[in-house]
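Fold and contact review
One-letter residues, chain by chain:
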Amino acid sequence: MMAIPSPRLLAITDRRQAAQPLPDLAARLFAGGLRWLSLREKDLDESRQVALAHALVQRARPWGALVTLHGDPDLALAAGTDGVHLPEGADVAAARRRLGPGALVGLSAHDADGIRRAAAGGADYVTLSPIFPSPSKPGYGPPVGTEGLRRLAADASLPIIALGGVESGNIGECLAAGAVGVAVMGALMRTPDRLPELLKTLKGGQP
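Parameters and conventions
Residues numbered from 1 in each chain as written. Predicted model: local features only at pLDDT ≥ 70, side-chain atom pairs only at ≥ 80, totals over all residues. Heavy atoms only, no water. Helix = DSSP H or I, 4+ residues; strand = E, 2+ residues; numbered from the N terminus. Rg over C-alpha atoms; globule rule 2.2 N^0.38 Å. Buried < 20%, exposed > 50% of the residue type's maximum accessible area, 1.4 Å probe, protein only. Salt bridge = Lys/Arg side-chain N within 4 Å of Asp/Glu carboxyl O. Expected span 1.5 Å × (residues − 1). Contact = heavy atoms within 4.5 Å. Pairing = 2+ DSSP bridges. Axes fitted to C-alpha atoms, helices over the stretch in contact; angles between N-to-C directions.

Let's shift gears to the overall build of the protein. The helix and strand inventory of the protein stands at 9 helices and 8 strands. On C-alpha atoms alone, the protein measures out to a radius of gyration of 16 Å, which is about the 17 Å that the 2.2 N^0.38 rule sets for 207 residues. Structurally, the protein occupies a C-alpha span of about 40 × 40 × 30 Å along its principal axes. Here the protein holds 207 residues, and 54% of them are scored as buried.

A few words on the pattern of salt bridges. A complete count under the given rule lists 11 salt bridges for this structure. Of the charged contacts in the structure, one is a salt bridge between arginine 15 and aspartate 43, with a shortest N-O distance of 2.7 Å. Here arginine 15, found in the loop between β1 (9–12) and α1 (22–31), pairs with aspartate 43, found in the loop between β2 (36–39) and α2 (46–60); they are 28 residues apart in sequence, far enough to count as distant. For arginine 15, a relative accessible area of 27% gives the class partly exposed. Overall, the relative accessible area of 45% leaves aspartate 43 in the partly exposed class. Salt-bridge contacts for arginine 61 lead to aspartate 82; the nearest nitrogen and oxygen are separated by 3.3 Å.

The next point concerns unusual backbone geometry. The omega torsion across serine 6 and proline 7 is 0°, close enough to zero to call that bond cis. Looking at the secondary structure, you find proline 7 in the segment before β1. Of note, the amide linkage connecting serine 129 to proline 130 takes the cis form, showing an omega dihedral of -10°. Structurally, proline 130 can be placed in the loop between β6 (125–128) and α6 (145–155).

Looking now at α2. In a regular helix each residue adds 1.5 Å, so 15 residues correspond to 21 Å; α2 covers 21 Å between its end C-alpha atoms and thus fits that length. For α2, every residue scored as buried is listed here: Gln49, Val50, Leu52, Ala53, Ala55, Leu56, Val57 and Ala60. Where α2 is buried, its residues meet α1, β2, β3 (66–70) and α3 (73–79).

Positionally, leucine 25 belongs in helix α1. Taking C-alpha positions, leucine 25 is 24 Å from asparagine 170, a pair spaced 145 residues apart along the chain. Filtering out sequence-adjacent residues up to four positions away, leucine 25 remains in contact with Ala18, Ala19, Gln20, Leu188, Met189 and Pro192.

This brings us to the sheet that holds strand β4 (residues 83–86). By definition, the strands of a sheet pair up through backbone hydrogen bonds, in either a parallel or an antiparallel sense. Overall, parallel pairing links the 8 strands, which are arranged β1-β2-β3-β4-β5-β6-β7-β8 in a closed barrel. Ignoring which end each strand starts from, the neighbouring axes of this sheet average 25° apart. Of the strands in this sheet, β6 and β7 (160–163) touch α6, which is tilted by about 165° from β7.

Right, dumping it as structure tokens:
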């Protein structure tokens, strides 16, 4: 399995909330210590996704940071990203075959069944969501909560990244409940100056 980038903070893009163009914002975040960014702009056509992902990869390389792409493994391969993040129910094994053993392959999960399927397919990690109420994660049922996270993490055979309503004030709770890291979207898209605060809280909450 591929190792989760350190620090274990995943920033997921949303260009509509971004304070500046995504390549510029990515460069700013990488310079500030972020080492994992995933492009999630599924409404763009394939050529624009590939071009944007490639631009992010170029910004990441000087810092040794990783860029993944939410969605299609073929687009990830075309863009030269470091891996792919798949939607719930996707074929993890097929993505692994397509991208090879050196790619970081993750999957979105919302319950124990999703986590088990990800592990069986050979995923490197899952994002579990929503942990807390979040406007970016509607339609996935009630929040898992830290107790639900604790229960699911105890039975999981692969790393869990906590997603949904995560902020500096609850990162410690997520880590204490068994998450190996956290993912954020709007907080860093709108206010990238919050990165030091998030990294400091993340570091303080790790064993």
